[in-house]
Amino acid sequence: MTDSIRVVIVDDHEAVRSGVAAILRSDAAIEVVGEAENGLDGVALCLRERPDIALVDLRMPGTDGIWATERITSETGTRVLVLTTFDSDDLIARALAAGARGYLLKTTRGPELVQAVHHVAEDRHVIDPAVAGSVIAQLNDRSEPTAAAPPETLTSRESEVLALLAEGLTNQQIADRLGIGLTTVKTHVGVLYDKTGTTSRVQMGRLGGHGHGGR
């Protein structure tokens, strides 16, 4: 299936993984290419398989889903769709800040889950109606003009990295585009966090989209 949507499932409960896999496999356009039971294994799986989408639980033993989401979205081209039982505002905010493209509760019915996978594959955001109010409130908060670095505080290279972050590129893609090392890109990203006062790649990308320039 060359045009299939390749998916991995990251959840510490085998029964959940099996059930979700069965639901997804009912759609001929979706191919489940792997499963992992914790965040660390999930990141390794995504690095190896390079799936289109990772369905990630948030609370798992050892390395959790927030950490995994940040790593997966920053180190691979994989989009993360959170699938969890937890609906706290804090977890929702942290998951979205880590780069998740969607947030669903495990009460989601099979057809809606399949549809959500298709939507995320099309680069659309998907939010469970049960948590939509919290997400809207967070987006309104983020629209406030806070923590924007003056253009003159960024070097030309930092401005280039910031602009590519706004395009949604991963660290590796930025390194390839600019012809620099991955470690160098990570260093620039770390400096940008400090200079812009942001706490996620999503927030930083919004600054890059506003045309901040360098010296």
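See the structure printed just above.
Residues numbered from 1 in each chain as written. Predicted model: local features only at pLDDT ≥ 70, side-chain atom pairs only at ≥ 80, totals over all residues. Heavy atoms only, no water.

1. Considerations on the packing of helix H8 (residues 171–178) against helix H9 (residues 182–196)
Then step 1. Interaxial distance between H8 and H9 falls to 9 Å at its minimum, and their mutual angle equals 110 degrees. Classified by the angle their axes make, H8 and H9 are roughly perpendicular. Classified by chirality, the crossing of H9 by H8 is right-handed. Only Leu182, Val185, Lys186 and Val189 of H9 make contact with H8, whose side of the interface consists of Asn171, Gln172, Ile174 and Ala175.
Then step 2. Partitioning the contact of H8 with H9 into residue classes produces 5 nonpolar, 2 polar and 1 charged. (Axes fitted to C-alpha atoms, helices over the stretch in contact; angles between N-to-C directions. Helix = DSSP H or I, 4+ residues; strand = E, 2+ residues; numbered from the N terminus. Parallel < 35°, antiparallel > 145°, perpendicular 65-115°, else oblique. Left-handed = near helix turned anticlockwise from the far one by under 90°. Contact = heavy atoms within 4.5 Å. Nonpolar A, V, L, I, M, F, W, Y, C, P; charged D, E, K, R; others polar.)

2. So, the sheet that holds strand E5 (residues 102–105)
Then step 1. What the 6 strands build is an open sheet, ordered E2-E1-E3-E4-E5-E6; its pairing is parallel. In the strand order of this sheet, the two ends are held by strand E2 (30–36) and strand E6 (126–127), each with one partner.
Then step 2. Here 6 bridges tie strand E1 (residues 5–10) to E2, and the two strands are oriented parallel to one another. If you follow Val8 over to E2, its bridge partner there is Gly34.
Then step 3. Relative to the sheet, helix H5 (residues 110–121) contacts E1, E2, strand E3 (53–56), strand E4 (79–84), E5 and E6, its axis offset from that of E4 by approximately 155 degrees. (Pairing = 2+ DSSP bridges.)

3. Remarks on unusual backbone geometry
Then step 1. Residues other than glycine seldom take positive phi values, yet Arg50 does so here, at roughly 50 degrees.
Then step 2. By the element assignment, Arg50 lies in the loop between helix H2 (39–49) and E3.
Then step 3. Overall, Arg50 belongs to the partly exposed group, its relative accessible area being 45%.
Then step 4. Positioned with a positive phi, Asp123 is a non-glycine residue whose angle comes to about 70 degrees.
Then step 5. Relative to the assigned elements, Asp123 resides in the loop between H5 and E6. (Buried < 20%, exposed > 50% of the residue type's maximum accessible area, 1.4 Å probe, protein only.)

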